[in-house]
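Report on the structure
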Amino acid sequence: MTVNDTVKRDALSPADKRRFLEFVRTDPHFSRYYEGIYILFHTGMRISEFCGLTIEDLDMDKGTILISKQLQRVGTRVYIEDQAKTKCGTRIIPMEPMVKEAFRTILDRRITPAVEPEVDGVRGFLCLDKDGHPMLALHWEHYFQHTREKFNKIYRDPMPYVSPHVCRHTYCTEKAKAGMNPVHLAYLMGHSPEDIRVTMGTYTHIHYEDAAEELRRLGNQRSCRNGRRSSGISMSPTALRMM
């Protein structure tokens, strides 16, 4: 299953993201997928990259993830895509503390099969299904779909569409709103510097309210600086840059 990254999808709001994760975490059935879903929301990985992760790709001492391949399925054929979608697709990304804990939980729960499944010479896949086969994108698409369906049967305020790719959009949008350098964000997303327009266009969902809030923030900063000048307080260029 190959996900079309060029199709525009909405990111979840912070409130919906919290509601969804909390529901997964506490649900008797779907809680088994909580760590994987949490990682997808907090790394921006493509689902095929997550499925392609092996134990050796995780450096728990350094807290890093090597993303160098994708596990794909087309029809009945399952294969490894060594070439990343862009020349910057192969990358090492840092684990945030809670992401590291989620990976540690997955490693602790992983049952070593009698024979490790192998795809195109790759073994040691991080996530295996109940039959001991590597989990595929379609597995996770179904987990998200069924979780959302159960959520919406219980609560009046429905959960918007959510999928592994929505997790990727949500991650990118959150980092962009937080002011992350676009070049650094493109790297984390596996895009080349030339494709920053893809990162900021297709993957971020910034609306009027976000732009208005940013203008208010900049206006408040300008007012503070003008106030200091009028009060006779002089500031060094270095101090002004730090504001």
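None of these values were measured; they are calculated from a predicted model.

Our focus in this paragraph is the nonpolar core. General note: in soluble globular proteins, nonpolar side chains tend to be found buried as a group. Counting 53 residues, the largest nonpolar core has I37, F50, F103 and W140 as its most contacted members. Every element with two or more residues in this core is listed here: α1 (14–26), α2 (34–43), α3 (47–51), β2 (64–67), α4 (97–109), α5 (137–154), α6 (164–177) and α7 (182–189). Among the elements that make up this core, the one with the highest residue count is α2 (six residues).

With the rule as written, the count across this model stands at eleven aromatic pairs. Arranged with centres 6.0 Å apart and planes meeting at 75°, the rings of Y33 and W140 form a pair that is edge-to-face. One end of the pair, Y33, is in the loop between α1 and α2; the other, W140, is in helix α5, with 107 residues separating them in the sequence. Note on F50 and W140: the rings are 5.5 Å apart at their centroids and 75° apart in plane angle, and the pair reads as edge-to-face. Of the two residues, F50 sits in helix α3 while W140 sits in helix α5, which places them 90 residues apart along the sequence. Judged by relative accessible area, which is 1%, F50 ranks as buried. An aromatic cluster is defined as three or more aromatic residues linked by ring pairs; in this entry it consists of F30, Y33, F50, W140 and Y143. Over the face of the ring belonging to Y79 we find R77, whose NZ or CZ atom lies 4.1 Å from the ring centre.

Right, let's talk about unusual backbone geometry for a bit. A positive phi angle, close to 50°, is found at D120, a residue other than glycine. Tracing the chain through its elements places D120 in the loop between α4 and α5.

The next thing to look at is the pattern of salt bridges. Going through the model one piece at a time under the given rule, you end up with 14 salt bridges. The partner of E96 in a salt bridge is K175, and the shortest N-O contact between them spans 3.0 Å. Here E96 is found in the loop between β5 (91–94) and α4, whereas its partner K175 is found in helix α6, with 79 residues between them in sequence. Two residues, E118 and R123, come together in a salt bridge whose shortest N-O distance is 3.9 Å. A network of salt bridges, in which partner residues are shared, links D16, R19 and D157.

The first and last C-alpha atoms of α4 sit 19 Å apart over 13 residues, in line with the 18 Å expected at 1.5 Å per residue. For α4, the complete set of buried residues consists of V99, A102, F103 and I106. Seen end-on, α4 carries its buried residues on one side only, within an arc spanning 95°. Exposed residues lying more than 90 degrees from the buried face of α4 are P97, M98 and D108. Those residues of α4 hidden inside the fold are in contact with α2, α3, β1 (58–59) and β2.

This part is about a nonpolar patch on the surface. Taken together, L66, I92 and Y187 make up a surface patch of nonpolar side chains, about 250 Å² in accessible area. Looking at where L66 falls in the secondary structure, it is placed in strand β2. L66 sits in the partly exposed class, given a relative accessible area of 32%.

Looking at the protein, pLDDT values average 83 and 73% of them are 70 or higher. Counted against residues more than four places away or in other chains, residues 1–8, with its pLDDT under 50, gives 29 contacts. With pLDDT under 50 throughout, residues 233–243 is counted as low confidence; its partners more than four residues away or in other chains account for nine contacts.

Right, let's talk about the environment of T170 for a bit. Relative to the helices and strands, T170 resides in helix α6. Judged by its relative accessible area of 0%, T170 is buried. A C-alpha to C-alpha distance of 7.8 Å links T170 and S13, two positions 157 residues apart in sequence. In contact with T170, not counting residues within four places along its chain, are A11, L12, K17 and F41. Within the structure, the side chain of T170 is placed 2.7 Å from the backbone oxygen of V166, a separation counted as a polar contact.

Quick notes on the rules
- Residues numbered from 1 in each chain as written.
- Predicted model: local features only at pLDDT ≥ 70, side-chain atom pairs only at ≥ 80, totals over all residues.
- Heavy atoms only, no water.
- Core = buried A, V, L, I, M, F, W, Y, C linked by side-chain atoms within 4.5 Å.
- Buried < 20%, exposed > 50% of the residue type's maximum accessible area, 1.4 Å probe, protein only.
- Helix = DSSP H or I, 4+ residues; strand = E, 2+ residues; numbered from the N terminus.
- Phe/Tyr/Trp six-rings, centres within 6.5 Å; stacked < 30°, edge-to-face > 60°.
- Lys NZ or Arg CZ within 6 Å of the ring centre and 35° of its normal.
- Salt bridge = Lys/Arg side-chain N within 4 Å of Asp/Glu carboxyl O.
- Expected span 1.5 Å × (residues − 1).
- Arc of directions from axis to C-beta.
- Contact = heavy atoms within 4.5 Å.
- Patch = residues over 30% accessible without salt bridge, like charges linked within 9 Å, V, L, I, M, F, W, Y side chains within 5 Å.
- Areas by Shrake-Rupley, 256 points an atom, 1.4 Å probe, with all protein chains shown as cover.
- pLDDT = per-residue confidence, 0-100.
- Polar contact = N/O pair within 3.5 Å; in protein donor to acceptor, adjacent residues only side chain to side chain.

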